[in-house]
Amino acid sequence: MKAVHFGAGNIGRGFVGLLLHEGGYDLVFSDVAPTLVETINAASEYTVHEVGPGGSDKTVTGFRALDSRADPDAVADEVAAADVVTTAVGPNILPFVAPHILEGLARRDADAKPLQVMACENAIGATDTLRAEIEKLAGDSWGDLSTRAVFANTAVDRIVPAQPAGAGVDVTVEPFFEWAIEQGPFGGDLPNIPGAHFVDDLGPYIERKLFTVNTGHAATAYFGAAAGITRISDALADPGIREKVEQALGETSALLTAVHGLDAAELADYRATILDRFANEALPDTVQRVGRQPLRKLSRHERFIGPAAAAAERGLAVDGLATAIASALRFEDAADPQAVELQERIRTEDAAAFTASVTGLEASHPLFARVQEEVGHRQTELGVYSA
Ligand SMILES: NC(=O)C1=CN([C@@H]2O[C@H](COP(=O)(O)OP(=O)(O)OC[C@H]3O[C@@H](n4cnc5c(N)ncnc54)[C@H](O)[C@@H]3O)[C@@H](O)[C@H]2O)C=CC1
Ligand SMILES: O=P(O)(O)OC[C@H]1O[C@](O)(CO)[C@@H](O)[C@@H]1O
């Protein structure tokens, strides 16, 4: 069996690649970073170091890598002959992966089993997004090609920090992982991924994950950055920060119970497990990595505005989430283009216009005024004019 995985970065090697290897797939990584591709091809195995309670080392073998910019032809051939295609490139990069999958489908034997495609990104419906990009590119030819692939949304959860220079292909990760995959699209012929669980309705899983793990993690990062703290575990060790993160997560849990009927006591256990994961001192994770790309994280269906908007629509509390959003508005990182753009725009745009364009909220939405108010506070703090 063969799997082609786009994005040989942290989650690609430290989670998706590892589980596919354990499922018996030969792995072909496709990436656009030539040095990374070379380093992978120079190695015959790599180690996934799980650090923290219960962790162990896992060895991955049977892999190679391709540079999709230098050799798109080879990537298409691999996709044509693969059983599974996965991605972990970032939701904004999916349009750049789509042409390679489309070309692979065009070259695929029409009698072959359908290619099983799963985007493993932190976003709701990421595989649907990828499929839509492929369909758009294919135009009229999609009618024939669509039978050559099945597309399943997934929710992936494992903390994989940035790797230190000199680590080579090895990856340091936390011991915990969870991979939930929609099972309907496979029609009973499930991919062999040990430890993954297949579910009929991914909606509650992805929302529970994004609006708890990712809301809590990013909130910890933004509160930590505002307090001048570098490591995530140190940020959460600050009682004031922990209290604010817990308040925001109490609100997202109340929403998950209201929308999906999830059990409040089970959600409390889930939150406790997650906070323990963030507190893992063995994991060298930083507020800059976890807070990265704040404009994406402040967008309409993401980890802050998504749950806060839905909570506000139901008259549920949003004070904790609003405090986290206020902290996100203060996130600075000269090395992160989105953080730079965020700070530039908050200095130059009117508060209402900024709120509308960054969050995607309508001015009439019950959350809008609250976010606009936080934008105004930030502008006052910066001493810039807000109309
Ligand atoms: N790191 C983590 O803890 C987790 C990350 N994720 C998600 O996984 C995705 C990737 O995150 P990370 O692995 O942390 O990022 P990363 O930056 O370590 O890896 C991304 C990789 O994609 C490659 N890439 C960029 N453009 C590409 C293209 N057009 N074709 C092929 N490869 C391309 C990059 O060169 C890089 O090696 C994101 O959507 C993230 O939200 C999900 C759960 C956990
Ligand atoms: O690109 P994003 O959304 O910051 O993704 C990385 C996040 O996902 C997580 O792995 C949670 O699963 C966190 O470690 C990390 O903050």
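Only a predicted model underlies this, so the values are computations on that prediction, with no experimental measurement involved.

Once that is clear, we can look at the nonpolar core. Residues Val245, Phe278, Leu298, Phe304 and Leu367 are the most contacted members of the largest nonpolar core, which totals 51 residues. With residues near it in sequence (within four places) discarded, Leu367 still touches Ile305, Ala308, Ala309, Ala312, Val318 and Leu361.

As a further point, take the packing of helix α14 (residues 319-328) against helix α17 (residues 368-382). In contact at an axis separation of 10 Å, α14 and α17 are set at 35 degrees when each is read in the N-to-C sense. The hand of the α14/α17 crossing is right-handed. Residues Asp319, Ala322, Ile325 and Ala326 of α14 touch α17, and the partners they reach there are Arg370, Val371 and Glu374. In terms of residue class, the contact of α14 with α17 is built from four nonpolar, no polar and three charged.

Further remarks concern the packing of helix α7 (residues 203-226) against helix α9 (residues 239-260). Taken N-terminus to C-terminus, the directions of α7 and α9 make an angle of 165 degrees; their axes are 9 Å apart at the nearest point. With respect to α9, the element α7 is oriented roughly antiparallel. Once α7 is placed against α9, the crossing between them reads as right-handed. Residues Gly203, Pro204, Glu207, Arg208, Phe211, Thr212, Thr215, Gly216, Ala219, Thr220, Phe223 and Gly224 of α7 form the contact with α9, whose own contacting residues are Ile241, Lys244, Val245, Leu249, Thr252, Leu256 and His260. Considering only residue class, the contact of α7 with α9 consists of eight nonpolar, eight polar and three charged.

Turning next to the site of ligand 1. In the vicinity of ligand 1, 23 residues are found, and the nearest of them are Asn10, Ile11, Asp31, Glu121 and Val160. Within the backbone of Arg158, one N or O atom sits 3.0 Å away from an oxygen atom of ligand 1. Measuring from a nitrogen atom of ligand 1, one finds a side-chain N or O atom of Arg289 at 3.3 Å. In the complex, 84% of the free accessible area of ligand 1, which totals 820 Å², lies under the protein chains. Secondary-structure elements contributing two or more residues to the shell around ligand 1 are α1 (10-22) and β2 (26-31). In the shell around ligand 1, the residues fall into twelve nonpolar, six polar and five charged.

Relative to the 34 Å expected for 24 residues at 1.5 Å per residue, α7 spans 33 Å between its end C-alpha atoms, a close match to the ideal helical length. If you look at α7, its biggest bend is around 25 degrees, right at Thr215.

Turning our attention to the environment of Thr147. By secondary structure assignment, the location of Thr147 is in the loop between α6 (142-145) and β8 (149-151). A polar contact of 3.1 Å, which involves the side chain of Thr147, links it to the backbone oxygen of Asp144.

In this section: the UniProt feature "domain: Mannitol dehydrogenase C-terminal" (unreviewed entry) in the chain. Look at the UniProt record and you will see "domain: Mannitol dehydrogenase C-terminal" (unreviewed entry) annotated at residues 201-343. As annotated, residues 201-343 comprises 71% helix and 0% strand, and the C-alpha atoms at either end are separated by 38 Å.

Evaluated as defined, the whole model comprises eight aromatic pairs. Ring geometry for Phe15 versus Trp179: centroids 5.6 Å apart, planes at 55 degrees, classification tilted. In this pair, Phe15 sits in helix α1 while Trp179 sits in strand β11 (residues 178-182), placing the two residues 164 residues apart along the sequence. Trp179 matches Phe15 in its accessibility class, with the two residues each being buried. Among the aromatic residues, those joined into a ring-pair cluster are Phe15, Phe177 and Trp179. When the ring centre of Tyr270 is taken as reference, the NZ or CZ atom of Arg208 above it lies at 4.0 Å.

Rules used throughout
Residues numbered from 1 in each chain as written. Chains lettered and ligands numbered in written order. Predicted model: local features only at pLDDT ≥ 70, side-chain atom pairs only at ≥ 80, totals over all residues. Heavy atoms only, no water. Core = buried A, V, L, I, M, F, W, Y, C linked by side-chain atoms within 4.5 Å. Buried < 20%, exposed > 50% of the residue type's maximum accessible area, 1.4 Å probe, protein only. Contact = heavy atoms within 4.5 Å. Axes fitted to C-alpha atoms, helices over the stretch in contact; angles between N-to-C directions. Helix = DSSP H or I, 4+ residues; strand = E, 2+ residues; numbered from the N terminus. Left-handed = near helix turned anticlockwise from the far one by under 90°. Nonpolar A, V, L, I, M, F, W, Y, C, P; charged D, E, K, R; others polar. Parallel < 35°, antiparallel > 145°, perpendicular 65-115°, else oblique. Near = heavy atom within 4 Å. Polar contact = N/O pair within 3.5 Å; in protein donor to acceptor, adjacent residues only side chain to side chain. Areas by Shrake-Rupley, 256 points an atom, 1.4 Å probe, with all protein chains shown as cover. Expected span 1.5 Å × (residues − 1). Bend = angle between axes of the 7 residues up to and from the residue. UniProt positions renumbered as here; feature names shortened; annotations may be inferred. Phe/Tyr/Trp six-rings, centres within 6.5 Å; stacked < 30°, edge-to-face > 60°. Lys NZ or Arg CZ within 6 Å of the ring centre and 35° of its normal.

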